[in-house]
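One letter stands for each residue in the lines below.
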Amino acid sequence: MKTYIYMVRHGESPKTENNERTRGLTDKGWSDAKRITEILKNEGIDVFVSSPYRRAVLTIEELAKCYDKEILLFEELRELEFSNENRIMTDQELYPEVNKMIGDPDYSLPGGESSAMCMNRAIGVLKKIIEENQGKKIVIGTHGLVMTLMMRYFNSKYDFDFLLSTTKPDIYRMEFEEGSLMEVKRIWN
């Protein structure tokens, strides 16, 4: 019995407010969310889950409405907590640190999570979602690093270079059989 996970990385989000949890989408992010709906509206999605962060929810919200489904929020799917300060880091600050985190799973910024901690919490809930929804198609509203770490759990080729190659938004369909990852296909165009 095949189970499909559609990892939907959130659309472009303005880095103007200081709260990671409440950042919404830019005009481009909204436009891309409509494209996601067009791409996935005929896939026969059964279940919608998401990070509780607003930008992840908003990216899949219209699609969930198309299917008349509720989006289930899982705190464990939130973005990696880079530090205990609730501030937005620029990509120039962030990417060298993320590269270190992926290379050394125990490395973290002061007061923040390591990639191992983030992967463990996200994988715990992903396995539960797959187990409880065998044979179904599931959309997960997610973030670039969390998505990369969840995919990396199943195959180490999903690394920092892979993360850099992804876009905002992005869609990867993961095919599972009996809990084993069989195939990953990028379907964002």
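Residues numbered from 1 in each chain as written. Predicted model: local features only at pLDDT ≥ 70, side-chain atom pairs only at ≥ 80, totals over all residues. Heavy atoms only, no water.

A. View of the overall build of the chain. Of the regular secondary structure elements, the chain holds six helices and six strands. Reading the chain from its N terminus to its C terminus gives the helix and strand order β-α-β-α-β-α-α-β-α-α-β-β. In terms of overall dimensions, the chain is globule-like: its C-alpha atoms have a radius of gyration of 16 Å, near the 16 Å expected for 189 residues. For the C-alpha atoms alone, the extent of the chain along its principal axes is close to 40 × 35 × 25 Å. Split into buried and exposed, the 189 residues of the chain put 51% on the buried side. Across the chain, the fraction of contacts at a sequence separation of at least 24, relative to all contacts at a separation of at least 6, is 68%. Summing over all exposed atoms, the chain offers an accessible surface of approximately 9,000 Å²; the carbon and sulfur share of this is 45%. A distance of 3 Å separates the average location of the 27 positive side-chain charges in the chain from that of its 32 negative side-chain charges. (Helix = DSSP H or I, 4+ residues; strand = E, 2+ residues; numbered from the N terminus. Rg over C-alpha atoms; globule rule 2.2 N^0.38 Å. Buried < 20%, exposed > 50% of the residue type's maximum accessible area, 1.4 Å probe, protein only. Contact = heavy atoms within 4.5 Å. Areas by Shrake-Rupley, 256 points an atom, 1.4 Å probe, with all protein chains shown as cover. Lys, Arg positive; Asp, Glu negative; His and termini not counted. Charge placed at Lys NZ, Arg CZ, Asp CG, Glu CD.)

B. How the structure looks around the UniProt feature "binding site: substrate" (unreviewed entry) in the chain. When the UniProt feature table is mapped onto this chain, "binding site: substrate" (unreviewed entry) is found at Arg 55. Locating Arg 55 in the fold gives a position in helix 2 (residues 54-66). You can call Arg 55 buried: its relative accessible area is 2%. The residues touching Arg 55, leaving out its near neighbours within four places in the chain, are His 10, Ser 13, Glu 20, Arg 23, Gly 24, Leu 25 and His 143. Among the polar contacts listed, one links the side chain of Arg 55 to the side chain of His 10, at a separation of 3.2 Å. (UniProt positions renumbered as here; feature names shortened; annotations may be inferred. Polar contact = N/O pair within 3.5 Å; in protein donor to acceptor, adjacent residues only side chain to side chain.)

C. Examining the side chain of Glu 97 more closely. Mapped onto the elements of the fold, Glu 97 is located in helix 3 (residues 91-103). Look at Glu 97: it is buried, it has no salt bridge, and the nearest opposite charge is Lys 100 at 4.0 Å. Apart from the residues within four sequence positions on either side, Glu 97 is in contact with Tyr 107 and Leu 109. (Salt bridge = Lys/Arg side-chain N within 4 Å of Asp/Glu carboxyl O.)

D. Spotlight on the packing of aromatic side chains. According to the stated counting rule, one finds six aromatic pairs in the structure shown. Their ring planes at 75° and their centres at 6.4 Å tell us that Tyr 95 and Phe 160 sit as a pair that is edge-to-face. With a gap of 65 residues between them, Tyr 95 in helix 3 and Phe 160 in helix 6 (residues 160-165) connect regions that are remote in the sequence. The exposure class of Tyr 95 is partly exposed, given its relative accessible area of 29%. (Phe/Tyr/Trp six-rings, centres within 6.5 Å; stacked < 30°, edge-to-face > 60°.)

E. The pattern of salt bridges, seen in detail. Summed over all chains, the structure comprises twelve salt bridges. Here Arg 35 ties to Asp 32 by a salt bridge, and the two come within 3.7 Å at their closest N and O atoms. In this pair, Arg 35 and Asp 32 are both assigned in helix 1 (residues 27-40), three residues apart and thus about one turn of the helix distant. A relative accessible area of 4% means that Asp 32 is categorised as buried. Between Glu 81 and Arg 78 there is a salt bridge; the shortest N-O distance is 2.5 Å. You can call Glu 81 partly exposed: its relative accessible area is 31%.

F. Looking closely at the environment of Met 89. For Met 89, the position within the fold is in the loop between strand 3 (71-73) and helix 3. Taking relative accessible area as the criterion, Met 89 reaches 12% and is therefore assigned buried. Remark: the alpha-carbon pair of Met 89 and Ile 129, spanning 40 residues in sequence, is separated by 31 Å. The residues touching Met 89, leaving out its near neighbours within four places in the chain, are Lys 15, Phe 82, Leu 94 and Leu 109.

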